[in-house]
Amino acid sequence: MGSPEQLEDWRHLALRVEAEVAKAVIGQAQTIRLINVALFARGHVLLEGDVGVGKTTVLRAFSRAIGGDFERVEGTVDLMPGDLVYHTYVDAQGRPRIDPGPLLRHGERLVTFFFNEINRARPQVQSLLLRAMAERTVSAFDREYSFPHMTVFADRNKVEREETFELASAARDRFMFELNMPKPADREVRRALVFDTAFHDTEGLIDKVAPELLPWDRLNAIGAQVQRSVRASETIERYVLDLWEASEKPQKFGIRLDGVDMDRLILAGASPRGMSALLRAARTVAWLEGRTHVEPADLAAVLPSVLGHRIFFTPVYELRRAELSEALVAQIMDKIAAP
Ligand SMILES: Nc1ncnc2c1ncn2[C@@H]1O[C@H](COP(=O)(O)OP(=O)(O)OP(=O)(O)O)[C@@H](O)[C@H]1O
């Protein structure tokens, strides 16, 4: 078990990781902070963003800074669950061979697993991934492979909807965050991305990041230690329970959305798993800020990313989910008075 001093050392390392990643990826401070929170809160991340906003670059930069192995898989309609587990080919002597596939071949060194365009992969593939995320083990070749330090980042292409398999609601709930990585709005950042050739060369950007800063095989232990060391007061407990209830019955808290029949909007609010993810993430934010108590600001920092993908609407409203969930979470933060 780590002492408070050790936890403080780890905090400095965690902040150093953010600073290193920010050398490669500009104008994405919030995304970088939240990815770091997910790493230390030991949660998986659903990434939703426009194309070409630097998703791959930010993940490769993180992978280099924290160390361990990186693996990337492309979701396609013909990908089969077995393709994640083994790889078949014919060797130089013409013999058929089977090797461990992308999930297994790194053994315990697998730390960052990037599943690109998860909504192009069939539900069978998605469910294998979800099982691997929850258990961090897979059985194959008559033995169990474990990858206890893995964090999954799954990207959902939001531009195209043709030939896609949307993640089921239960699947979305397995992700601690859904992060929306926006195009930078700042003109100076935009200018640099277009005119500074350093940002046209991903390899060069990744090289700027200092490598292997963290004892990545201790992430689980550090994360658990953070959870034990950061307290939530009774006032915070009451506030969180109100937030939870507001995700189920927003009308009870005076929340109204334009053009929406509030009595028919919600199919299901946040799950217990979702609310515990909220607390784990908020404690991690508090720790990164150098505090030992959760404050409402820590909850506010993660609430949209934790709650947005976990509120389920009735079918009439589900088509407008992106717009409605953002508006609803904003009102929940607005209407429930922070202690
Ligand atoms: N904020 C940023 N900071 C640094 N480089 C960026 C940023 N946004 C985009 N780029 C650059 O744009 C290019 C595309 O980035 P990248 O491949 O990481 O995007 P992506 O979101 O993964 O794309 P896709 O949606 O096609 O998978 C890279 O050369 C990358 O360095």
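Residues numbered from 1 in each chain as written. Predicted model: local features only at pLDDT ≥ 70, side-chain atom pairs only at ≥ 80, totals over all residues. Heavy atoms only, no water.

Chemist: Can you help me understand the packing of helix H1 (residues 4-24) against helix H3 (residues 55-66) in this one?
Modeler: The axes of two packed helices give the description: the angle between them and the distance between them. Here H1 crosses H3 at 140°, and the two axes come no closer than 9 Å. Comparing the axis directions of H1 and H3 gives the class oblique. The way H1 lies across H3 gives a crossing that is right-handed. Together, Val17, Val21 and Ala24 of H1 and Val58, Ala61, Phe62, Ala65 and Ile66 of H3 make up the contact between the two elements. A class-by-class count of the residues in the contact of H1 with H3 yields eight nonpolar, no polar and no charged. (Axes fitted to C-alpha atoms, helices over the stretch in contact; angles between N-to-C directions. Helix = DSSP H or I, 4+ residues; strand = E, 2+ residues; numbered from the N terminus. Parallel < 35°, antiparallel > 145°, perpendicular 65-115°, else oblique. Left-handed = near helix turned anticlockwise from the far one by under 90°. Contact = heavy atoms within 4.5 Å. Nonpolar A, V, L, I, M, F, W, Y, C, P; charged D, E, K, R; others polar.)

Chemist: Sorry, what's going on with unusual backbone geometry here?
Modeler: Leaving glycine out, the prevailing phi sign among residues is negative, and the prevailing peptide bond configuration is trans. Unusually for a residue other than glycine, Glu117 sits at a positive phi of about 50°. In this fold, Glu117 is placed in the loop between strand E5 (110-116) and helix H5 (123-135). Judged by relative accessible area, which is 19%, Glu117 ranks as buried. With a phi close to 50°, Phe141 is a non-glycine residue in the positive phi region. Structurally, Phe141 can be placed in the loop between strand E6 (137-140) and strand E7 (143-146). (Buried < 20%, exposed > 50% of the residue type's maximum accessible area, 1.4 Å probe, protein only.)

Chemist: Could you clarify how one ought to interpret the site of the ligand in this entry?
Modeler: As a matter of local geometry, the ligand sits amid 16 residues, with Ile26, Gly54, Lys55, Thr56 and Thr57 nearest to it. The separation between an oxygen atom of the ligand and a polar side-chain atom of Thr56 is 2.5 Å. Contact between the ligand and Thr202: an oxygen atom at 3.2 Å from a side-chain N or O atom of the residue. Notes on the ligand: free accessible area 640 Å², of which the protein chains cover 78%. In this structure, the ligand is accommodated by the second largest pocket. Elements represented by at least two residues in the shell around the ligand include exactly H3 and helix H8 (202-207). Looking at which element gives the most residues to the shell around the ligand, the answer is H3, with three residues. The residue inventory of the shell around the ligand, partitioned by class, reads eight nonpolar, seven polar and one charged. (Near = heavy atom within 4 Å. Polar contact = N/O pair within 3.5 Å; in protein donor to acceptor, adjacent residues only side chain to side chain. Areas by Shrake-Rupley, 256 points an atom, 1.4 Å probe, with all protein chains shown as cover. 1 Å grid on protein atoms, 1.4 Å probe; cavity = no way out; pocket = protein on both sides within 12 Å on 5 of 7 lines; lining within 4 Å. Sits in = over half its atoms within 2 Å of the grid points.)

Chemist: How do you make sense of the packing of helix H11 (residues 272-288) against helix H12 (residues 296-307) when you look at a structure like this?
Modeler: Where H11 meets H12, the axes come as close as 8 Å, and the angle between the chain directions of the two elements is 140°. The orientation of H11 with respect to H12, classified from their angle, is oblique. Pair H11 / H12 crosses with right-handed handedness. Together, Gly274, Leu278, Leu279, Ala281, Ala282, Val285 and Ala286 of H11 and Asp298, Leu299, Ala301, Val302, Leu303 and Val306 of H12 make up the contact between the two elements. Its residues assigned to classes, the contact of H11 with H12 comprises 11 nonpolar, one polar and one charged.

Chemist: What am I meant to see in a nonpolar patch on the surface here?
Modeler: There is a patch of nonpolar side chains on the surface, built from Tyr86, Ile98 and Phe141 and spanning about 300 Å² of accessible area. Within the fold, Ile98 resides in strand E4 (residues 96-100). (Patch = residues over 30% accessible without salt bridge, like charges linked within 9 Å, V, L, I, M, F, W, Y side chains within 5 Å. Salt bridge = Lys/Arg side-chain N within 4 Å of Asp/Glu carboxyl O.)

Chemist: What am I meant to see in the packing of aromatic side chains here?
Modeler: To describe a pair of aromatic rings, you give the distance between the ring centres and the angle between the ring planes. For the structure on display, the rule yields three aromatic pairs. When the ring of Phe141 is compared with that of Tyr145, the centres are 6.3 Å apart and the planes differ by 70°; the resulting orientation is edge-to-face. Residue class for Phe141 comes out partly exposed when judged on its relative accessible area of 39%. By way of ring pairs, the aromatic residues Tyr86, Phe141 and Tyr145 are connected into one cluster. Here the guanidinium or amino end of Arg143 rests over the ring plane of Tyr145, the centre of that ring lying 3.9 Å away. A cation over an aromatic ring shows up here: Lys208 above the ring of Phe199, its NZ or CZ 5.6 Å from the ring centre. (Phe/Tyr/Trp six-rings, centres within 6.5 Å; stacked < 30°, edge-to-face > 60°. Lys NZ or Arg CZ within 6 Å of the ring centre and 35° of its normal.)

Chemist: What is the right way to read the pattern of salt bridges from this model?
Modeler: Side chains that carry opposite charge are capable of pairing whenever their charged atoms lie near each other. As enumerated under the stated definition, the model contains 26 salt bridges in all. Residue Glu48 is joined to Arg156 by a salt bridge in which the shortest nitrogen-to-oxygen separation is 3.6 Å. Note that Glu48 is positioned in strand E1 (residues 45-49) and Arg156 in strand E8 (residues 151-157), a separation of 108 residues in sequence. The same class applies to Glu48 as to Arg156, namely buried. We note a salt bridge from Glu318 to Arg321, for which the minimum N-O separation is 3.0 Å. What makes Arg321 buried here is its relative accessible area of 15%. Bridged by salt links that share partners, the residues Glu48, Arg156, Glu166 and Glu178 form one connected network.

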